[in-house]
Amino acid sequence: MPPRQRRLLQSPLFRLLAINLALGLVMAVVLVGGLLALNPWDLRHLIFADHSPGVAIGLLLGSFFVTFGSTAMGTAIMALGSSDDDDGPRGGTRVHARVKVRRR
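Residues numbered from 1 in each chain as written. Predicted model: local features only at pLDDT ≥ 70, side-chain atom pairs only at ≥ 80, totals over all residues. Heavy atoms only, no water.

**Q** Please clarify how the nonpolar core should be interpreted in this entry.
**A** Nonpolar side chains in soluble globular proteins tend to end up buried together. Ala-28, Val-32, Leu-36, Ile-47 and Phe-64 together form the largest nonpolar core, which totals five residues. The leading source of residues in this core is helix 2 (residues 12-38), at three residues. Among all residues touching Phe-64, those that are not within four sequence positions of it are Ala-28, Leu-31, Val-32, Leu-35 and Gly-69. (Core = buried A, V, L, I, M, F, W, Y, C linked by side-chain atoms within 4.5 Å. Buried < 20%, exposed > 50% of the residue type's maximum accessible area, 1.4 Å probe, protein only. Helix = DSSP H or I, 4+ residues; strand = E, 2+ residues; numbered from the N terminus. Contact = heavy atoms within 4.5 Å.)

Next comes the structure, spelled out in C-alpha cells:
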C-alpha cells in the first residue's frame with residue numbers, strides 16, 4: 001500500500017466520514033428493502049412490472065444513499081465540537097425586563 005493511502009486511512013476525520021457514509025448506505029439498503037417488503041401503494045408491483053426494474057431500484061437506492069449518507073456524515077461533523085462534559089448552563093443570567101404598556 002502506498003504511503004499516501006496509508007496516511008489517509010490513519011486520518012481520524014477520514015475514518016469518521018467513511019464509517020458514517022457506510023452507516024448511510026446501510027440505512028438506505030434497509031429502507032429500500034423495507035419499501036419493497038411492505039409494498040406501500042403497490043410500489044413493488046410498479047417496480048417489478050417494468051421491463052427494467054434494476055434501473056428503478058438503482059435510482060431509488062442511489063438517491064436514498066446520497067440522502068442518508070450525507071445526513072450521517074453531516075451529523076457526525078456537526079457533533080465533533082460537542083462533548084458530554086458540557087451539561088452546565090450556557091450563556092448569561094436571566095433578567096426580567098419591565099415594559100411599560102400604555103392603555104388606549
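**Q** I tried to follow the environment of Leu-35 on my own but got confused; where do I start?
**A** Within the fold, Leu-35 resides in helix 2. For Leu-35, a relative accessible area of 22% corresponds to the partly exposed category. Put simply, Leu-35 and Arg-98 are 63 residues apart on the chain and 56 Å apart in space, counted from C-alpha to C-alpha. Excluding anything up to four places from it in sequence, Leu-35 contacts Pro-40, Leu-43 and Phe-64.

**Q** Would you take a moment to explain the environment of Leu-13 for this structure?
**A** Among the structural elements, Leu-13 can be located in helix 2. For Leu-13, a relative accessible area of 45% puts it in the partly exposed group. Sequence separation between Leu-13 and Leu-80 is 67 residues, and the spatial gap between their C-alpha atoms is 9.9 Å.

**Q** What exactly am I supposed to notice about unusual backbone geometry here?
**A** The phi angle of most residues is negative, glycine excepted, and most peptide bonds adopt the trans form. Phi angles above zero are rare outside glycine, and Trp-41 is one such case at about 55°. Look at Asp-42: it is not a glycine, yet its phi comes out positive at around 55°. Inspection of the secondary structure puts Asp-42 in the loop between helix 2 and helix 3 (43-49).

**Q** Hey, could you run me through the packing of helix 2 against helix 4 (residues 53-78) in this one?
**A** When two helices pack together, their arrangement is captured by the angle between the axes and the distance separating the axes. Packing of helix 2 against helix 4 brings their axes to within 7 Å, and their N-to-C directions diverge by 140°. Between helix 2 and helix 4, the crossing angle belongs to the class labelled oblique. Between helix 2 and helix 4 lies a crossing of right-handed hand. Each residue belonging to the contact of helix 2 with helix 4 can be placed in one class, and the counts come to 21 nonpolar, three polar and no charged. (Axes fitted to C-alpha atoms, helices over the stretch in contact; angles between N-to-C directions. Parallel < 35°, antiparallel > 145°, perpendicular 65-115°, else oblique. Left-handed = near helix turned anticlockwise from the far one by under 90°. Nonpolar A, V, L, I, M, F, W, Y, C, P; charged D, E, K, R; others polar.)

**Q** What is the right way to read the packing of helix 1 (residues 3-10) against helix 2 from this model?
**A** Where helix 1 contacts helix 2, the two axes come as close as 5 Å, and the packing angle between them is 70°. It follows from the interaxial angle that helix 1 and helix 2 lie roughly perpendicular. Of helix 2, the residues touching helix 1 (which contributes Leu-8, Leu-9 and Gln-10) are Pro-12, Phe-14 and Arg-15. Its residues placed into classes, the contact of helix 1 with helix 2 shows four nonpolar, one polar and one charged.

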